[in-house]
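So you can see what is in the structure, the chains are spelled out below.
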Amino acid sequence: MSAGDDTDDRPSAALISHDAGGFAEWLHFRLHRGKLAWAAPYILWVATRFSGRGMVIAIPYGFLLAFFLIPFLIVLKISFAETALAIPPYTDLIEMVDDGFEYFVNIKLNLGNYWIILSEDTYVRAYLNSAKIAAISTLLCLIIGFPMAYAMARADESIRPTLLMLVILPFWTSFLIRVYAWIVILKTEGGLLNTFLIAIGVISPDDPLRILSTEWAMYIGIVYSYLPFMILPLYANLERMDMSLLEAAADLGCRPIKAFWVVTVPLAIPGIIAGCFLVFIPAVGEYVIPELMVGDNVRVIGRKLFTDFASERNWPLAAAVSVILLAILIIPIVLFQRQQARLQEAGQ
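Residues numbered from 1 in each chain as written. Predicted model: local features only at pLDDT ≥ 70, side-chain atom pairs only at ≥ 80, totals over all residues. Heavy atoms only, no water.

## Some details on the overall build of the chain
In plain terms, the rule: Counting from the N terminus, the helices are DSSP H or I runs at least four residues long and the strands are E runs at least two residues long. Accessibility here uses a 1.4 Å probe with only protein chains present; expressed as a share of the type maximum, an area under 20% marks a residue as buried, one over 50% as exposed, and anything in between as partly exposed. Throughout, a contact is declared for two residues whenever any of their heavy atoms are within 4.5 Å. Note on areas: Shrake-Rupley, 1.4 Å probe, and residue coverage restricted to the protein chains presented here.
A tally of regular secondary structure across the chain gives 16 helices and two strands. Looking at the 348 residues of the chain, the share that counts as buried comes to 31%. Across the chain, the fraction of contacts at a sequence separation of at least 24, relative to all contacts at a separation of at least 6, is 64%. Total accessible area on the chain is roughly 22,400 Å²; 67% of this is exposed by carbon and sulfur atoms.

This is the structure in structure tokens:
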């Protein structure tokens, strides 16, 4: 504060302590003294609502708006369009019509794409087959991942970071390279697995294992690729579990197997649900693994989506396939979250 000046340019103590009300008061004072007095109400409105806690909340919502909601609305719009020989290959939903006297706004919503998907057996079977493959893959990941996560949670604290790094280690390599690696391992002629089994005399060179281009190869690829997504939430849940509960169950005469089902599994349900969602959701729309490891022998919705979009250049139909797939995945999740919220309110 200079001599002869009865105003103080320093921020108040409330600003220093990150108090939103004090910050707004100080900002209002500073703006009215400067050249931005006309913009003071608008800047003040933004500052008071997006300072501190509001800004922290706005960042993830802004991310979801930019990278989820807006792209989804674009895809939804394309799904109601019609195919056309143009760039991009679909018609506009809204067009201006001039009849010589006045302008009209003509809105065209084509529901034929959704009717094709729901009426044609090809798409229905592709959806059901994708759901079946995802469900089996999720169950296999749970059966394999739960013991691994439990062992990691019960391991000594000094080696837990190493075990966790080993689970995350596959992510250091490209997803596509890992799929091709399994092709090299499982292929019939010259594959590493058949070469090893022939070398130790388990199988005959004239009758090698034929795993590649079968559904077994697809399940191996999916389970290997998505197993970490099951292990990580399970490990995070089991690590926080109070192990003294198992000791108390043992003191009360409960056998280890029964204590596992009565104590461990119920406490691990949140991790199980999170892991199943993280595996099932991407597995439903999987395209790369079935295409490379099985080919035309399996029909999944991801393959139909790629064919409609790239080969046939039917963007509206491909967009409708994506919208229905998203609805199939999101609606059960929303219903489950609402049910969980109701149970929590009832418990309180």
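## With respect to the pattern of salt bridges
Rules: Think of a salt bridge as a Lys or Arg side-chain nitrogen and an Asp or Glu carboxyl oxygen that are within 4 Å of each other.
Taken as a whole and judged by the stated rule, the model has three salt bridges. Linking D121 and R125 is a salt bridge whose minimum nitrogen-to-oxygen distance equals 2.5 Å. One end of the pair, D121, and the other, R125, are both in helix 6 (residues 121-154), four residues apart, so they sit about a helical turn from each other. Residue classification places D121 among the partly exposed residues on the basis of a relative accessible area of 47%. The partner of R160 in a salt bridge is E239, with the nearest N and O atoms 3.5 Å apart. Taken as a pair, R160 in helix 7 (residues 160-168) and E239 in helix 10 (residues 215-239) lie far apart in primary sequence, 79 residues in all. Residue R160 is classed as buried on the basis of its relative accessible area, which comes to 16%.

## Description of the nonpolar core
Heads up, the rule is: Definition of nonpolar core: a set of buried residues of the types Ala, Val, Leu, Ile, Met, Phe, Trp, Tyr and Cys, connected through side-chain atoms within 4.5 Å.
Within the largest apolar cluster, 54 residues are counted, with the highest numbers of intra-cluster contacts made by I117, Y127, I133, M218, I222, M293 and I301. For this core, the elements supplying multiple residues, two or more each, are helix 5 (112-119), helix 6, helix 8 (175-186), helix 10, helix 13 (269-284), helix 14 (288-293) and helix 16 (315-347). When neighbours within four sequence positions are excluded, M293 is seen to be in contact with V179, W182, I183, L186, L212, S213, T214, A217 and G221. In terms of nonpolar packing, the next biggest core, distinct from the first, is built from six residues, M241, L246, A259 and V263 among them.

## With respect to the packing of aromatic side chains
Our working rule: For Phe, Tyr and Trp, where Trp contributes only its six-membered ring, two rings pair if their centres lie within 6.5 Å, and the inter-plane angle classes them as stacked under 30 degrees, edge-to-face over 60, or tilted in between. Geometrically, a charge over a ring is one whose NZ (Lys) or CZ (Arg) sits within 6 Å of the ring centre while staying within 35 degrees of the ring normal.
Applying the stated criterion across every chain yields a total of twelve aromatic pairs. Arranged with centres 5.6 Å apart and planes meeting at 65°, the rings of W182 and Y224 form a pair that is edge-to-face. Here W182 is found in helix 8, whereas its partner Y224 is found in helix 10, with 42 residues between them in sequence. Judged by its relative accessible area of 22%, W182 falls in the partly exposed class. By the ring-pair criterion, three or more aromatic residues cluster together here, those being F146, Y150, F260 and W261. Over the ring of Y123 we find K304; its NZ or CZ atom is 4.6 Å from the centre of that ring.

## Considerations on the side chain of T264
The residue T264 is located in helix 12 (residues 256-267) in this model. Excluding anything up to four places from it in sequence, T264 contacts F146, Y150, L238, M241, L246 and A259.

## Remarks on the side chain of R160
Heads up, the rule is: What qualifies as a polar contact is a pair of N or O atoms within 3.5 Å, subject to a donor-acceptor requirement within protein and to the restriction that residues adjacent in sequence count only when both atoms come from side chains.
Among the polar contacts made by the side chain of R160, one reaches the main-chain carbonyl oxygen of A153 at a distance of 2.7 Å. Excluding residues within four positions of it along the chain, R160 makes contact with M152, A153, A155, Y235 and E239.

## Observations concerning the packing of helix 8 against helix 10
Angle between the axes and distance between the axes are the two parameters that describe a pair of packed helices. The cut-off we apply is this: All axes are obtained by fitting lines to C-alpha atoms, using only the stretch in contact for helices, and the reported angles, taken between N-to-C directions, cover 0 to 180 degrees. Any angle that is under 35 degrees is reported as roughly parallel, and any over 145 degrees as roughly antiparallel; angles of 65 to 115 degrees are reported as roughly perpendicular and all others as oblique. By convention the crossing between two helices is left-handed if the near helix lies anticlockwise of the far one by an angle smaller than a right angle, and right-handed if it lies clockwise. The classification used treats Ala, Val, Leu, Ile, Met, Phe, Trp, Tyr, Cys and Pro as nonpolar, Asp, Glu, Lys and Arg as charged, and all other residues, Gly among them, as polar.
The contact between helix 8 and helix 10 brings their axes to 11 Å, and the two run at 140°. Taken together, helix 8 and helix 10 sit at an angle that is classed as oblique. At the point where helix 8 passes helix 10, the crossing takes the right-handed sense. Residues F175, R178, W182 and L186 of helix 8 lie in contact with helix 10, whose contacting residues are A217, I220, Y224 and S225. For the contact of helix 8 with helix 10, the per-class residue count stands at six nonpolar, one polar and one charged.

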